[in-house]
Amino acid sequence: MKKISTKLQGLHIIEPDVFGDNRGFFMESYSSSKFAELGVDHLFVQDNHSLSVEAGVLRGLHYQLNPKAQTKLVRVAAGAIYDVVVDIRKNSPTFRQWVGVILSEANKRQLLVPQGCAHGFCTIVPNTQVLYKVDEYYSPEHDRGILWNDPALAIDWLTSNPILSEKDKKHPLLQDAEINF
Ligand SMILES: Cc1cn([C@H]2C[C@H](O)[C@@H](COP(=O)(O)OP(=O)(O)O[C@H]3O[C@H](C)C(=O)[C@H](O)[C@H]3O)O2)c(=O)[nH]c1=O
């Protein structure tokens, strides 16, 4: 199993060991002891699962404010996404910078998204199912968002006309968003 760092502190790609044979494959998608050996020793308390039936569905950019900020361990069980993480930690040297990673059923890559980052993804193929663990429970009172196409972030989502929830169409720009990281 490999952990690959990125330019954002705490944002890592994890490549699990995959055992393939003529039947298909097996992998331990999560192991608290093996992930802890990689420094991923969070106590995850909730598993999330979403299905997006179309390509071009964009969910994000979301985060929860402290003290309910979430670390997320994201993977794709079916289909493929372009996963985007934005550093919204005011004192971070990479504040306002973003990283995009393709997570897919095929590459089986996982993404560890640290607290203090906004997270979103855009599906690349229909019927994409995303599974992710979080280390803090959902708290609507602390749930916040940033507008997906904030010009100050200039995120290239690899799609021009995404399918968005009404909520995701109305998030503020980062400059106007409530952040406490
Ligand atoms: C996130 C969440 C949502 N819900 C309920 C609230 C709504 O009634 C319904 C759909 O929620 P929402 O439209 O916020 O779902 P997504 O747009 O997929 O949001 C997620 O997408 C991006 C990629 C993220 O990183 C977040 O984890 C999460 O915000 O599920 C819950 O009951 N528990 C939860 O943990």
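Here's a quick rundown of the structure. (Residues numbered from 1 in each chain as written. Predicted model: local features only at pLDDT ≥ 70, side-chain atom pairs only at ≥ 80, totals over all residues. Heavy atoms only, no water.)

1. Observations concerning the sheet that holds strand S5 (residues 46-52)
Right, so step 1: Strand order in the open sheet formed by 6 strands is S1-S2-S10-S7-S12-S5, with antiparallel pairing between adjacent strands. Each edge of the sheet is formed by a strand with only one pairing partner; in this case those strands are strand S1 (2-5) and S5. The sheet shows a mean angle of 25° between the axes of neighbouring strands, direction not considered.
Right, so step 2: Pairing geometry for S5 and strand S12 (residues 128-134), over 7 bridges, is antiparallel. Looking at S12, one finds that Leu 51 is bridged to Gln 129. (Pairing = 2+ DSSP bridges. Helix = DSSP H or I, 4+ residues; strand = E, 2+ residues; numbered from the N terminus. Axes fitted to C-alpha atoms, helices over the stretch in contact; angles between N-to-C directions.)

2. Examining the sheet that holds strand S6 (residues 58-64)
Right, so step 1: Taken in spatial order, the 5 strands of this open sheet run S9-S8-S11-S6-S13, and their pairing is antiparallel. Pairing within the sheet leaves two strands with one partner each, and these edge strands are strand S9 (98-104) and strand S13 (143-145). With direction set aside, neighbouring strand axes in the sheet form an average angle of 30°.
Right, so step 2: Two elements, S6 and S13, share 3 bridges in a ladder whose sense is antiparallel.

3. A look at the site of the ligand
Right, so step 1: Lining the immediate surroundings of the ligand are Gln 46, Asn 48, Arg 59, His 62, Lys 72, His 119, Phe 121, Tyr 132, Tyr 138 and Lys 167.
Right, so step 2: In this structure, an oxygen atom belonging to the ligand sits 2.6 Å away from a side-chain N or O atom of His 62.
Right, so step 3: Measuring from an oxygen atom of the ligand, one finds a side-chain N or O atom of Lys 72 at 2.9 Å.
Right, so step 4: Its free accessible area being 650 Å², the ligand has 65% of it covered by the protein chains.
Right, so step 5: Contributions of two or more residues to the shell around the ligand are made by S5, S6 and strand S11 (117-123). (Near = heavy atom within 4 Å. Polar contact = N/O pair within 3.5 Å; in protein donor to acceptor, adjacent residues only side chain to side chain. Areas by Shrake-Rupley, 256 points an atom, 1.4 Å probe, with all protein chains shown as cover.)

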